[in-house]
Amino acid sequence: MFPERLNSSLLLAAGGNAALTTFLVYTLAVFGLAALSNRLLRERSFLKEYFLGSRSLGVWTLGLTFAATSASGGSFTGFPSLIYTHGWVLAFWIASYMIFPLCTMGLLGKRINQVARKTGAITVPDILRDRFDSRSFALLGTVLLVFFTCVNLVGQFKAGSVILQTLLGENEAYLRLRSFAATAMASMPLFSGLDAGYVLCLLGFGVAVIVYTTWGGFHAVVWTDVMQGIVMVLGVIIMLPLAISQAGGLPQATQQLAAMIPPQNAVLRITPVGDELMAVKGTWLRSDDGRVFRLAESESLTAEPEGVPVRAIEIVDAGDLQRIISGATPVPFSLALKISGVESSVPAAFPGNNRPGSFVTAPGAHATDMHGFLPMSLAFSMFFYWAVSGTGQPGGMVRLMAFGNTKTLRYSIVSVAIYFSCIYFPLVVIFCCSRLLLPGMETESDRVMPQLAVTLTNNIGAGWLAGILIAAPFAAVMSTVDSFLLMISSAIVRDLYQRNINPRATQRQLQRLSYFCTVLVGALIVVAALNPPKFLQYLIVYVGSGLAACFLAPVTLGLYWKRTTTSGATAAMLAGFLSHLALYVGGWLTGGGFDKPLRPLSLDPVVVAIVSSFAAGLVVSVLSDPPAEEVVRKFFYRPVSQKAPSPTERVPEIN
Amino acid sequence: MTNASDFEPDPLFVDSLKEAKVILSIWLICFVWTVSVCLSTGYAKEVDPQQFPMILGMPTWIVWGVALPWLLANVVTIVFCLGYMKDADLGEDPPDPEDVSAAGVAGQEAGHVS
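Values in this document were obtained by computation on a predicted structure and should not be read as measured data.

Visitor: Please set out the sheet that holds strand 6 (residues 308–315) of chain A residue by residue, giving values where relevant.
Guide: Residue and element names in this part refer to chain A. The 5 strands are arranged 3-4-6-1-7 in an open sheet whose pairing can be described as antiparallel. In this open sheet, the two edge strands, each paired with only one partner strand, are strand 3 (284–286) and strand 7 (337–346). For this sheet, the mean angle separating the axes of adjacent strands, direction not counted, is 40°. Bridge analysis of strand 3 against strand 4 (residues 292–295) gives 3 bridges, and the strand direction is antiparallel. Its bridge partner lying in strand 4, W284 is registered against R294. Of the strands in this sheet, strand 3, strand 4 and strand 6 are in contact with helix 14 (residues 318–326), which crosses strand 6 at around 105°.

Here it is in structure tokens:
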């Protein structure tokens, strides 16, 4: 233990206690909501209630479940980390959220709900099956849905565990449990070589989510989403004034960011001073000539005088250095390690020559890419990406099938628009300010959210508040995971079993199968997340947008274009899937790696895939025989007798 | 045998299609505004930290290119949803076969109890 890391450890311990308390209160609350929800299951039609809440969502439940499901763990871990690392340009990167609620809810909302009611559909493949009168097409949709969602869920469970682990930090009870688990795991082959803290948090997080989702079904998921949505916005609203005031006001913060220079990438040679033989990532060091470094990786040391090379960052910004040296920003320098030499220290790739201004202008600072974070060519895709690909997410479509009436939808769109405005833009402001309060976080920028929460609240002597603030990230992950879990089990129970294997299944059989599937899928994903393959992170980048590429065009064309045929919709789905996959595989084959797909005309793969998908749907529909007349009538017309009398039509008087 | 004249376009479909076109137009306006302002003013080559243009502590290009259209997009969203979007009857679900069988099971169970 480094004595100089004590300060940081105490902070983490305080945060850990608050996080543990919050997590326990949270878990109790979600179980309470699941119990309430389970009572509804006994009173209503099981499948419709379990997977769709009996189409009874109101304004706040629809709005907050939609918002919370859209905001995954990335909103509170990855996004803050990007803002911290690249600066104000992230406001431009996320800008299409200004129109996100109107696009994602308004484009399909009324129509998908109406079509689902016409056929009694409770899942997205259900709608495709009925609209196109094709079991095989629905099956294709189900397979793609289950594949993409499962891979995504493994990543989300992993993120849930990592976030919980970070938040519990140095909490004593957690540390004791972790060492006990490490001893127990040593004798179990399944767990050999795994980190006890990760496994413990994965099991805690996984069991809690699986139990309340299985027990309570859709309503439990929606109500917990509402609670989690409130926690998220509360976290942001509390952090915003604290961050601005502690950074000396927003004008002051932006002014200093305008002058700021990103840290340099360095390689140091490190030797131990005493018997410490490990250089730990995040450790602060000062060279004899006063230069300030922070280690970017952990490395075993030797006693040899020339030292061991370790990657680090060098703080070169005059403002940061002044705050660190004057003690305005307390930094615990290590006395247990010594810098025996600086092998190299080079400026960040962008702006390249330590020019100021990269944190307040586009394309934004970048440590390794000389084009910066958001080159002009990519900016175009980003505006398309969020709003349009968000519309194609089946998780959102299911929620749009669940509201009670159109007035609910109209007011929910307004509430989500205000909600997102209170989250995303303020997050940019908060984490731009965080650069002044937490220097050197580039080495572990994923931790900037909990670290800032603890710092801000400790600075005002209200450490307990950190619990609420750092609850936001795991609220975000939980609300995404539970929805995905239910989406997979509904695909299996409704689309595979009831529709294809046993259409005469009784209520009780479906109920048992639904519970069984939710637990089984959840358990399998926890096992997969125990030791995920190395390429998982690349797959997650791929599957994140893959669902929109497959589903947006078939669903939109099916809802709005009478001439769409089964062949056209199938071609749209396959074209979206294959073109998206081809760009990722192409990137991998050309040596860029699976996470660096090909970008024709600098367009993101999802943009190319959605355009290809619509084009294939239109062309193949026109070339194939028109759909049956009764299908078109069922979905696009109504009998004249249903016509409501308009105010101008007078009933003739009978004399 | 039904006749084509016995049917008329579903008004919810007609209204939804009209509203979808308006939403896409709003998206296009936001896209053109934000991308053109940010691309033309946000990608500065040189920055003078002492003279960096700001409004309310935010970079000027962010205010004109993101914050202002975001604010207006919210106003447009509110006006569109509360003033333009039409309410309509969404219809009812057809009775599920499982409901019928459940009603049968419930009836049998009730018979047992009594």
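The rest of the description comes next.
Visitor: Just give me the short version of the packing of aromatic side chains, but keep the residues and values in it.
Guide: Residues and elements named next belong to chain A. Inspection of every chain in the model, using the stated rule, returns 29 aromatic pairs over all chains. For the pair Y97 and F100, a centre-to-centre distance of 4.5 Å together with 5° between the ring planes defines the contact as stacked. With respect to class, Y97 is no different from F100; both count as buried. Linked through ring pairs, F79, W93, Y97, F100, F373, Y385, W386, Y419, F420 and Y424 together constitute an aromatic cluster.

Visitor: Just give me the short version of the pattern of salt bridges, but keep the residues and values in it.
Guide: Residue and element names in this part refer to chain A. Enumeration according to the criterion identifies 21 salt bridges over all chains in this entry. The closest approach of N and O atoms between R435 and E442, which form a salt bridge, is 2.7 Å. E629 is paired through a salt bridge with R633; the nearest N and O atoms lie 2.6 Å apart. Taken together, the residues E629 and R633, both in helix 24 (residues 629–636) and 4 residues apart, mark about one turn of the helix. For R633, a relative accessible area of 15% gives the class buried. Several salt bridges share partner residues, and in doing so they unite D126, R129, D130, R494 and R499 into one network.

Visitor: If you had to explain the interface of chain A and chain B to someone new, which residues and values would you point to?
Guide: Listed as interface residues are 79 residues of chain A and, on the opposing side, 70 residues of chain B. Interface of chain A and chain B: buried area, both sides summed, is about 6,600 Å²; carbon and sulfur atoms make up 67% of it. In terms of surface lost to chain B, no three residues of chain A exceed M98, K110 and R410 of chain A, which account for 12% of the buried area on that side. For the interface between chain A and chain B, the tally reads 5 salt bridges. Across the contact surface, chain A and chain B share 21 residue pairs in polar contact (both at pLDDT 80 or more). Class assignment for the residues of the side of chain A that touches chain B results in 47 nonpolar, 17 polar and 15 charged. Strand direction decides the pairing type here: strand 8 (residues 637–639) of chain A and strand 1 (residues 7–9) of chain B, joined by 3 bridges, are antiparallel. Of the residues in strand 1 of chain B, the one forming a bridge with Y637 of chain A is P9 of chain B.

Visitor: Tell me about the pairing of strand 6 of chain A, residues and numbers included.
Guide: All names here are of chain A. Burial analysis of strand 6 places 6 of its 8 residues in the buried class, which makes it a mostly covered element. Judged from the 7 bridges that link them, strand 1 (residues 264–272) and strand 6 form a sheet pairing that is antiparallel. Within strand 6, the residue paired with I270 across the bridge is V308. In the sheet, strand 4 pairs with strand 6 via 4 bridges, with the strands oriented antiparallel. Its bridge partner lying in strand 6, R294 is registered against I313.

Visitor: Talk me through the nonpolar core; I want residue IDs and the actual numbers.
Guide: Residue and element names in this part refer to chain A. Counting 213 residues, the largest nonpolar core has W88, M232 and L374 as the members making the most contacts within it. Top element by residues in this core is helix 12 (residues 196–246). It accounts for 21 residues. Every residue in contact with M232, bar those within four places of it in the chain, is listed here: A68, A71, F76, Y419, I423, A472, A475, A476 and S479. Listed in part, the 13 residues of the second largest apolar core include V308, V310, A312 and L337.

Visitor: Tell me about a nonpolar patch on the surface, and name the residues and values.
Guide: On the surface, I230, L234, W464 and I468 of chain A cluster together to form a nonpolar patch covering roughly 400 Å² of accessible area. For L234 of chain A, a relative accessible area of 39% corresponds to the partly exposed category.

Visitor: Tell me what's going on with the packing of helix 12 of chain A against helix 17 (residues 406–437) of chain A, and back it up with residues and numbers.
Guide: All names here are of chain A. Across the interface, helix 12 lies against helix 17 with an axial gap of 8 Å and an inter-helix angle of 40°. Overall, the two elements helix 12 and helix 17 adopt an arrangement that is oblique. The two elements helix 12 and helix 17 cross, and the hand of that crossing is left-handed. The residues of helix 17 that touch helix 12, namely those facing G229, M232, V233, V236, M239, L240, A243, I244 and Q246, are Y419, C422, I423, P426, L427, V429, I430, F431, C433 and L437. Counted by class, the contact of helix 12 with helix 17 contains 17 nonpolar, 2 polar and no charged residues.

Visitor: Report on the packing of helix 5 (residues 78–86) of chain A against helix 17 of chain A, specifying residues and quantitative values.
Guide: Residue and element names in this part refer to chain A. Packing of helix 5 against helix 17 leaves a shortest axis separation of 8 Å and a crossing angle of 50°. Overall, the two elements helix 5 and helix 17 adopt an arrangement that is oblique. In the packing of helix 5 onto helix 17, the handedness of the crossing is right-handed. Contacts between helix 5 and helix 17 involve F79, P80, I83, Y84 and T85 from the first element and Y424, L427, V428, F431, C432, S434 and R435 from the second. Here the residues of the contact of helix 5 with helix 17 sort into 9 nonpolar, 2 polar and 1 charged.

Cut-off values and rules
- Residues numbered from 1 in each chain as written.
- Chains lettered and ligands numbered in written order.
- Predicted model: local features only at pLDDT ≥ 70, side-chain atom pairs only at ≥ 80, totals over all residues.
- Heavy atoms only, no water.
- Pairing = 2+ DSSP bridges.
- Helix = DSSP H or I, 4+ residues; strand = E, 2+ residues; numbered from the N terminus.
- Axes fitted to C-alpha atoms, helices over the stretch in contact; angles between N-to-C directions.
- Contact = heavy atoms within 4.5 Å.
- Phe/Tyr/Trp six-rings, centres within 6.5 Å; stacked < 30°, edge-to-face > 60°.
- Buried < 20%, exposed > 50% of the residue type's maximum accessible area, 1.4 Å probe, protein only.
- Salt bridge = Lys/Arg side-chain N within 4 Å of Asp/Glu carboxyl O.
- Buried area = accessible area lost by both parts, 1.4 Å probe.
- Polar contact = N/O pair within 3.5 Å; in protein donor to acceptor, adjacent residues only side chain to side chain.
- Nonpolar A, V, L, I, M, F, W, Y, C, P; charged D, E, K, R; others polar.
- Core = buried A, V, L, I, M, F, W, Y, C linked by side-chain atoms within 4.5 Å.
- Patch = residues over 30% accessible without salt bridge, like charges linked within 9 Å, V, L, I, M, F, W, Y side chains within 5 Å.
- Areas by Shrake-Rupley, 256 points an atom, 1.4 Å probe, with all protein chains shown as cover.
- Parallel < 35°, antiparallel > 145°, perpendicular 65-115°, else oblique.
- Left-handed = near helix turned anticlockwise from the far one by under 90°.

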